[in-house]
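# Architecture at a glance
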Amino acid sequence: MNDIIQAILTRRSVRAYQPRQIGEKDLQEILLAGQYAPTAMGDQLWHFTVVQNAELKEKLQLLCKASFKNSDIPSLRELSSRDDVHVFYHAPTLVIVSADSKAVAPLWDSVLAMENMLLAASSLGISSCWVHSPMIVYGAPEGPASLSSIGLNFPEGHVPYAAAVFGYSAQPLPEAAPRKPGTVTLLQ
Ligand SMILES: Cc1cc2nc3c(=O)[nH]c(=O)nc-3n(C[C@H](O)[C@H](O)[C@H](O)COP(=O)(O)O)c2cc1C
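Summary of the structure given here. Being a predicted model, the structure only gives us computed values, none of them experimental. (Residues numbered from 1 in each chain as written. Predicted model: local features only at pLDDT ≥ 70, side-chain atom pairs only at ≥ 80, totals over all residues. Heavy atoms only, no water.)

### As for the sheet that holds strand β4 (residues 158-167)
In space, the four strands of this open sheet follow the order β1-β2-β4-β3, with antiparallel pairing throughout. Each of the sheet's edge strands pairs with one partner strand only, and the pair in question is β1 (46-51) and β3 (127-130). Neighbour-to-neighbour, the strand axes of the sheet open up by a mean angle of 25 degrees, direction not taken into account. Judged from the eight bridges that link them, strand β2 (residues 93-100) and β4 form a sheet pairing that is antiparallel. Paired with D100 across the bridge in β4 is H158. On top of the sheet, helix α5 (residues 106-123) reaches β1, β2, β3 and β4; it is set at about 10 degrees to β4, its chief contact. (Pairing = 2+ DSSP bridges. Helix = DSSP H or I, 4+ residues; strand = E, 2+ residues; numbered from the N terminus. Axes fitted to C-alpha atoms, helices over the stretch in contact; angles between N-to-C directions. Contact = heavy atoms within 4.5 Å.)

### Some remarks on the site of the ligand
Lining the immediate surroundings of the ligand are R11, R12, S13, R15, Y89, C129, W130, V131 and H132. The side chain of R11 places a nitrogen or oxygen atom 2.9 Å from an oxygen atom of the ligand. Between the ligand and Y89, the relevant distance is 2.5 Å, taken from an oxygen atom to a side-chain nitrogen or oxygen of the residue. Look at the ligand: alone it shows 620 Å² of surface, and the protein chains cover 55% of it. Partitioned by chemical class, the residues of the shell around the ligand number four nonpolar, two polar and three charged. (Near = heavy atom within 4 Å. Polar contact = N/O pair within 3.5 Å; in protein donor to acceptor, adjacent residues only side chain to side chain. Areas by Shrake-Rupley, 256 points an atom, 1.4 Å probe, with all protein chains shown as cover. Nonpolar A, V, L, I, M, F, W, Y, C, P; charged D, E, K, R; others polar.)

See below:
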């Protein structure tokens, strides 16, 4: 099995992090991998916002938890009042990929960029986890204004489509869930 497939198969979502920040060189390589993802029509109308400021990250996670209060999903509503829940798992780095909502395929562009970054991180021994709550916050009517009020602004016309935390795992990597059978149709 080659290194790329190995990285794909061994990446796991990690939900407990050491406080140690990831190195600048590793961060830049991860971001570069993101920027080499395909984009529809090659438009690259995306932006990568890296949040390493602990105060800003904490303000954002409080907004995220507050947004769960209004969720249709009961388990999210329950999480919103739990003090032991940190939506970013205390990871030292958060990356949000936004894109121009008028691009050809901004959601898909952003998600592909994020997957490249998750895999690049994994190949460098850095763990990650997609965190959906920044997009939930943004999607609420007052979302963009509340993000702006804590100092989180995206380029004009941009919408955040993908977010993930990065850092060093504080625990052994979890096992992958078994793959569901019957998900492939081969027409030859
Ligand atoms: C669209 C999307 C949203 C997700 N949102 C969250 C999230 O908010 N918090 C979280 O801990 N994991 C989140 N995950 C991670 C999944 O729970 C995880 O990928 C899945 O359980 C499979 O585990 P693995 O990544 O280790 O293979 C999300 C994944 C995707 C693709």
